[in-house]
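# Coordinates in review
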Amino acid sequence: MTYRMTVSPDFSPDFIAGWYIFNTWLQNQLSEAIHLELFDSFDDQRKEIQEDKIDLIFANPYDASTLIRDKGFIAVAAPSGKADEAVICVGTDSDISCVEDLKENCNVSMADDPEVNTIGMIMLEPADLNKGNVNISELSNYVMVAKSLINQQSDVGFFLKESYDNMSKFIKSQIRPIIASEISVITHSFLVGPQLINRVDDIRKLLNDMHNLEKGPGVLASLGFEHWVNQEQEDAEFMIDLMDTLIT
Amino acid sequence: MTDIQLNYHDGTSDNRNVIDEEVPFPEGKLIVSRTDAKGVITHCNQAFVDISAFSESEIIGKPHHLLRHPDMPAAAFKDLWETIESKSKWNGYVKNLRKDGKYYWVYAVVVPNIRKGKVVGYASVRRKPSRTKIDECTELYKTMLAQENEQ
Ligand SMILES: Cc1cc2nc3c(=O)[nH]c(=O)nc-3n(C[C@H](O)[C@H](O)[C@H](O)COP(=O)(O)O)c2cc1C
């Protein structure tokens, strides 16, 4: 049979080709047919998850919760040095120098990125701000978020740290970070579904060894990280518990 | 600086320095710790070590009352334990005592770690509270503590 692999839609478009290369590599290593299906939206992907159509997934921490607790997926690895962190920025000319300078009804722009938005809102709490007393605009990507700051359509914007770091010099010269999260324990992870349960150990071993295997380092480079780190089911379970505290 | 005797729930007590000086919550960070099912600390992150001024080896193996501040009413912790033991999430504002006697305020969320239906431990994630909430809780806890002392 052909298994289906997918990637959380919040990955950087720079790595689309990388995921196809990874898929080919994994098929060869496992001698299994795997079809890579990429989704533009979280909703489309979640629908397929609900319908049990996904067997392998590079999941964001939110979806990992459903996948592990309700769908019987097993965590095998996480990318090294790629914790999901958020950065809150203002326009360069803004008067705002820290979160506490922000007032009720300020305009907050963000992309459709659940963990970043959760972490971002948490970082606004010290100013007594929450979803109920700010004006939120959800934009299609982080460049649009940066533009909304530059055009002064919003007062603050939330960014995935990695996306902020990869912005062009031109954009970066027009926005200014006021706070960055340093949570370090929240990360995307690679999960294996129930249909491949008998290959879990093989997949765990392959990914954790990938940087030593033939072609491994090149494929990893195309995904934007150097190696995978082992993630036991308990590591993922604990991360889900931590995520749970953040939505309170 | 005052030396205050703190009596804990488990019957133990300790003499601790208490200084009326606040230490700010670390920006952008979360303070994380984890316990076994009995509440004994098994893990903590670097932010926990830094803000508490204890070393990791002084923290691991101890109950969280290591951080108990005398300005905290007992009712807050009674509510915490009743909530988490019934497998629910607890959240609240806590004034914590550092090793050097200074204090720091946190907004804490405590969750039971449930595996295969059983509570195997607890985790707490603390984040930066707003000044408004700290001021509200300072007043509230003063009243609660006064009531507790009358009884
Ligand atoms: C996961 C977890 C985290 C806790 N964090 C704190 C804390 O930060 N500060 C604190 O004073 N008590 C904390 N407590 C509550 C303590 O266990 C304890 O109830 C409290 O310090 C009062 O001490 P006593 O119950 O011994 O009188 C925590 C409990 C758990 C289970």
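Residues numbered from 1 in each chain as written. Chains lettered and ligands numbered in written order. Predicted model: local features only at pLDDT ≥ 70, side-chain atom pairs only at ≥ 80, totals over all residues. Heavy atoms only, no water.

### Concerning the site of the ligand
Residue and element names in this part refer to chain B. Within the structure, the ligand sits among 18 residues, and His9, Arg68, Trp81, Asn96 and Arg126 are positioned closest to it. At 3.2 Å, a side-chain N or O of arginine 68 approaches an oxygen atom of the ligand. Arginine 126 places a polar side-chain atom, nitrogen or oxygen, 3.1 Å from a nitrogen atom of the ligand. The fraction of the free accessible surface of the ligand (600 Å²) that becomes covered by protein chains is 94%. Listing elements by their share of the shell around the ligand, those giving two or more residues are helix H3 (74-85), strand E5 (90-97) and strand E7 (118-127). Classifying every residue of the shell around the ligand by side-chain character gives 10 nonpolar, 6 polar and 2 charged. (Near = heavy atom within 4 Å. Polar contact = N/O pair within 3.5 Å; in protein donor to acceptor, adjacent residues only side chain to side chain. Areas by Shrake-Rupley, 256 points an atom, 1.4 Å probe, with all protein chains shown as cover. Helix = DSSP H or I, 4+ residues; strand = E, 2+ residues; numbered from the N terminus. Nonpolar A, V, L, I, M, F, W, Y, C, P; charged D, E, K, R; others polar.)

### A look at the domain arrangement of chain A
Residue and element names in this part refer to chain A. Its domain assignment divides chain A into domain 1 (2-82 + 185-247) and domain 2 (86-180). Counting residues at the interface gives 13 residues for domain 1 and 7 residues for domain 2. Looking only at domain 1, the three residues that lose the most surface to domain 2 are Phe42, Tyr62 and Leu246, adding up to 50% of its buried area. Counting the contacts that link domain 1 with domain 2 gives 1 salt bridge. Its salt-bridge partner being glutamate 162, residue lysine 82 comes within 2.6 Å of it at the nearest N-O pair. For the pair domain 1 and domain 2, the interface holds 2 residue pairs in polar contact (both at pLDDT 80 or more). When contributions to the side of domain 1 that touches domain 2 are tallied by element, the ones reaching two or more residues are helix H2 (42-50), helix H3 (61-69) and helix H10 (233-246). When its residues are assigned to classes, the side of domain 1 that touches domain 2 shows 8 nonpolar, 2 polar and 3 charged. (Domains from an automatic or database assignment. Contact = heavy atoms within 4.5 Å. Buried area = accessible area lost by both parts, 1.4 Å probe. Salt bridge = Lys/Arg side-chain N within 4 Å of Asp/Glu carboxyl O.)

### Side note on the packing of aromatic side chains
Residue and element names in this part refer to chain A. Under the definition given, this model contains 13 aromatic pairs over all chains. Here the aromatic rings of tryptophan 19 and phenylalanine 22 are separated by 5.5 Å at their centres, their planes lie at 85°, and the arrangement is edge-to-face. One end of the pair, tryptophan 19, and the other, phenylalanine 22, are both in helix H1 (residues 16-30), 3 residues apart, so they sit about a helical turn from each other. Of the two residues examined, tryptophan 19 and phenylalanine 22, each falls in the buried class. Pairing phenylalanine 159 with tyrosine 164 gives two aromatic rings, centres 6.2 Å apart and planes at 65°, and the pair type is edge-to-face. (Phe/Tyr/Trp six-rings, centres within 6.5 Å; stacked < 30°, edge-to-face > 60°. Buried < 20%, exposed > 50% of the residue type's maximum accessible area, 1.4 Å probe, protein only.)

### Comments concerning the nonpolar core
Counting 46 residues, the largest nonpolar core has A:Leu124 and A:Phe159 as its most contacted members. If you list the elements that add at least two residues to this core, you get strand E5 (86-91), strand E6 (107-110), helix H4 (114-124), helix H5 (142-150), strand E8 (156-160), strand E9 (175-180) and H10 of chain A together with E7 of chain B. Examining the composition of this core, we find that 6 residues originate from one element, H4(A), more than from any other. Filtering out sequence-adjacent residues up to four positions away, A:Phe159 remains in contact with A:Glu85, A:Ala86, A:Val87, A:Cys89, A:Val116, A:Tyr142, A:Val145, A:Ala146, A:Leu149, A:Tyr164, A:Met167 and A:Ile175. Of all hydrophobic cores here, the second largest spans 32 residues; its members include B:Phe25, B:Phe54, B:Leu80 and B:Trp105. (Core = buried A, V, L, I, M, F, W, Y, C linked by side-chain atoms within 4.5 Å.)

### Here's the deal with the pairing of strand E1 (residues 2-7) of chain A
Residue and element names in this part refer to chain A. The element E1 is extensively covered by neighbouring structure, given that 5 of its 6 residues are classed as buried. As paired elements, E1 and strand E2 (residues 33-36) share 4 bridges and run parallel to each other. Across the sheet, arginine 4 pairs through a bridge with histidine 35, a residue of E2. Once the chain exits E1 it traverses H1 before rejoining the sheet at E2, and the crossover so formed is right-handed. (Pairing = 2+ DSSP bridges. Right-handed = clockwise from strand over helix to strand, strands pointing away.)

### What to know about H4(A)
Note that an α-helix has 3.6 residues per turn; residues three or four places apart therefore point the same way. Most of H4(A) is tucked away, with 11 of its 11 residues classed as buried. Buried within H4(A) we find A:Pro114, A:Glu115, A:Val116, A:Asn117, A:Thr118, A:Ile119, A:Gly120, A:Met121, A:Ile122, A:Met123 and A:Leu124.

### Observations regarding the interface of chain A and chain B
Each partner contributes to the interface: chain A provides 22 residues, whereas chain B provides 23 residues. Among the residues chain A hides against chain B, the three largest losses belong to A:Phe238, A:Thr245 and A:Thr248. Together they make up 27% of the total. Between chain A and chain B we count 8 salt bridges in total. A salt bridge links A:Glu237 to B:Arg115; the shortest N-O distance between them is 3.8 Å. Between the two partners, chain A and chain B, sit 11 residue pairs in polar contact (both at pLDDT 80 or more). Among the elements of the structure, H4, E9 and H10 of chain A are those that each provide at least two residues to the side of chain A that touches chain B. The element best represented in the side of chain A that touches chain B is H10(A), accounting for 8 residues. Considering only residue class, the side of chain A that touches chain B consists of 10 nonpolar, 3 polar and 9 charged.

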